[in-house]
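Structure assessment
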Amino acid sequence: MSSITHWLSDPRMHDYLAIVKGARNGFVYGVKVRFPHALIMAILFGRGDWKSRLLVIYKATKQHAFNLAKFVSLYKTLLLLQRKANGGKQRSADTFVAGLLGGYVVFGDRSAVNEQIVLYVVSRVIASFMPRTGSPYSKTPAGASASAVRPIPPDPRYFSVFAALSWGAVMWLFQHRGEAIQPGMFNSMTYLYRDSEVWTDLRTLLWHNT
């Protein structure tokens, strides 16, 4: 056991083991994120019996978990290769190149799960261009480096405009170009805004949707 611990703590092995740990964390995070989401969507919008719904939950969770595991491991591998090709130094563009290639290989095939993940990422990229306030979300923990990066929330004034434009645009799209909206969001909006227009009695008004 001590020899294994020594091997795991060997600095020469760090970059390679980080790829393994990254794949592990990607898989675990994918399960944690996708399983509850898929379960709720199956309850609210699922069709067929529960056997078929559970199969959908399993497939979506499996794809999300394995794709994140593949992306993290591929991303770290590409970073390592670029660093070795540059004499052990990482360049600013290396992260973009690794993300670009990893994103194409892992998430380039269109599926419902991949589409949701990519839309989540692109929304964060767009939101990152909003001006920031002067205070980070959380203070630097005791003992952490003073230069440690902490997320800074958007300026409230710009966020208000961003929120208004986002909701105005999506409501217009839902009404006039519903085919352009991501299916999961379209189902959610249908439940909120169109299904609430229909009822037959007190039961379907307050207790059951239909």
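First, a word on scope: everything that follows refers to the structure included in this document. Being a predicted model, the structure only gives us computed values, none of them experimental.

Further remarks concern the overall build of the protein chain. Within the protein chain, the secondary structure is distributed over 8 helices and 0 strands. Along the chain direction, N to C, the helices and strands of the protein chain fall in the order α-α-α-α-α-α-α-α. Relative to the compact-globule value of 17 Å for 210 residues, the protein chain shows a C-alpha radius of gyration of 22 Å, a clear excess of over 25%. For the protein chain, the spread of C-alpha atoms along the three principal axes comes to 70 × 50 × 35 Å. Here the protein chain, with 210 residues, has 22% of them falling under the buried criterion. The long-range share in the protein chain, meaning contacts at least 24 apart out of those at least 6 apart in sequence, stands at 48%. Of the roughly 15300 Å² that the protein chain leaves accessible, carbon and sulfur atoms contribute 66%.

Turning our attention to the side chain of Asp94. By the secondary structure assignment, Asp94 is in helix H4 (residues 94-107). Residue Asp94 is classed as buried on the basis of its relative accessible area, which comes to 2%. Discounting chain neighbours no more than four positions away, the residues touching Asp94 are Leu79, Gln82 and Lys89.

Attention now moves to the pattern of salt bridges. Within this structure, the stated rule accounts for 6 salt bridges. Between Asp155 and Arg157 there is a salt bridge; the shortest N-O distance is 2.9 Å. Exposure remark for Asp155: the relative accessible area of 11% places this residue in the buried category. Put simply, Glu179 and Arg177 hold a salt bridge, and the shortest N to O gap is 3.9 Å.

Now for H4. Structurally, the α-helix is built with 3.6 residues per turn, so residues lying three or four positions apart point the same way. An ideal rise of 1.5 Å per residue puts 20 Å on 14 residues; H4 measures up with 19 Å between its terminal C-alpha atoms. Considering only its buried residues, H4 is in contact with helix H3 (50-85) and helix H5 (112-127).

Within the sequence span of helix H7 (residues 183-194), burial applies to Gly184, Met189 and Thr190. Where H7 is buried, its residues contact helix H2 (14-45) and helix H6 (156-176). At the N-terminal boundary of H7, the capping side chain belongs to Gln182, with an oxygen 3.0 Å from the backbone nitrogen of Gly184.

Below, the discussion takes up the packing of aromatic side chains. Taken as a whole and judged by the stated rule, the model has 6 aromatic pairs. For the ring pair Phe174 and Phe186, a centre distance of 5.6 Å and an interplane angle of 55° mean the geometry is tilted. Taken together, the residues Phe174 in helix H6 and Phe186 in helix H7 connect sequence positions 12 residues apart. Of the residues examined, Phe174 reaches a relative accessible area of 3% and is grouped as buried. Owing to a relative accessible area of 24%, Phe186 belongs among the partly exposed residues under this scheme. Among the aromatic side chains, those forming a connected cluster through ring pairs are Phe71, Tyr75 and Phe107. Positioned above the aromatic ring of Trp50 is the side chain of Arg53, whose terminal nitrogen or guanidinium carbon lies 5.1 Å from the ring centre.

Here His64 is to be found in helix H3. Residue class for His64 comes out buried when judged on its relative accessible area of 6%.

A few words now on the environment of Tyr158. Within the secondary structure, Tyr158 sits in helix H6. For Tyr158, a relative accessible area of 43% gives the class partly exposed. In this structure the C-alpha to C-alpha distance between Tyr158 and Met130, which are 28 residues apart in sequence, comes to 6.7 Å.

Before going further, it helps to examine a nonpolar patch on the surface. A surface patch of nonpolar side chains, about 900 Å² in accessible area, is lined by Ile40, Ile43, Leu44, Trp50, Leu54, Trp167, Tyr191, Leu192 and Tyr193. Of all the secondary structure elements, the ones that give two or more residues to the nonpolar patch are H2, H3 and H7. In this fold, Leu44 is placed in helix H2.

Mapped onto the fold, Asp15 is located in helix H2. We classify Asp15 as partly exposed; its relative accessible area is 31%. Taking the C-alpha atoms as reference, Asp15 lies 8.7 Å from Thr77; in sequence the two are 62 residues apart. Look past the residues within four positions of Asp15 in its chain and what remains in contact with it is Leu80 and Arg83. Polar side-chain contacts of Asp15 include one of 3.4 Å to the side chain of His14.

Thresholds applied
- Residue numbers here run from 1 along each chain, matching the order of that chain's written sequence.
- This being a predicted model, a pLDDT of at least 70 is required before a residue's local features are given, and a value of 80 or more before pairs of side-chain atoms are given or counted; all residues contribute to the totals for chains, interfaces and linings.
- Only hydrogens and water are set aside when side-chain values are computed; all heavy atoms of the structure are taken into account.
- By definition, any uninterrupted DSSP run of H or I lasting at least four residues is a helix, any uninterrupted run of E lasting at least two residues is a strand, and each is numbered from the N terminus.
- Radius of gyration: over C-alpha atoms. The globule rule applied is 2.2 Å multiplied by the number of residues raised to the 0.38 power.
- A simple rule labels every residue: compare its accessible area, found with a 1.4 Å probe on the protein chains alone, to the largest value its type can have, and call it buried under 20%, exposed over 50%, or partly exposed in between.
- Two residues form a contact once any of their heavy atoms are found within 4.5 Å.
- Per-residue accessibility takes into account occlusion by the displayed protein chains alone, with areas from the Shrake-Rupley method and a 1.4 Å probe.
- One side-chain nitrogen of Lys or Arg within 4 Å of one carboxyl oxygen of Asp or Glu is enough to make a salt bridge.
- To estimate how far a helix should reach, multiply one less than its number of residues by 1.5 Å.
- Pairing of N or O atoms within 3.5 Å defines a polar contact, subject to two protein rules: one partner must be a possible hydrogen donor and the other a possible acceptor, and residues neighboring in sequence count only if both atoms are side-chain atoms.
- Ring pairs shown here join Phe, Tyr and Trp side chains whose ring centres sit within 6.5 Å, with only the six-membered ring taken for Trp; geometry is labelled stacked below 30 degrees between planes, edge-to-face above 60, and tilted in between.
- Note on geometry: a ring has a charge over it if NZ (lysine) or CZ (arginine) is within 6 Å of the ring centre and within 35 degrees of the ring normal.
- Candidate patch residues must exceed 30% relative accessible area and have no salt bridge, after which like charges are joined if within 9 Å and Val, Leu, Ile, Met, Phe, Trp or Tyr side chains if within 5 Å.

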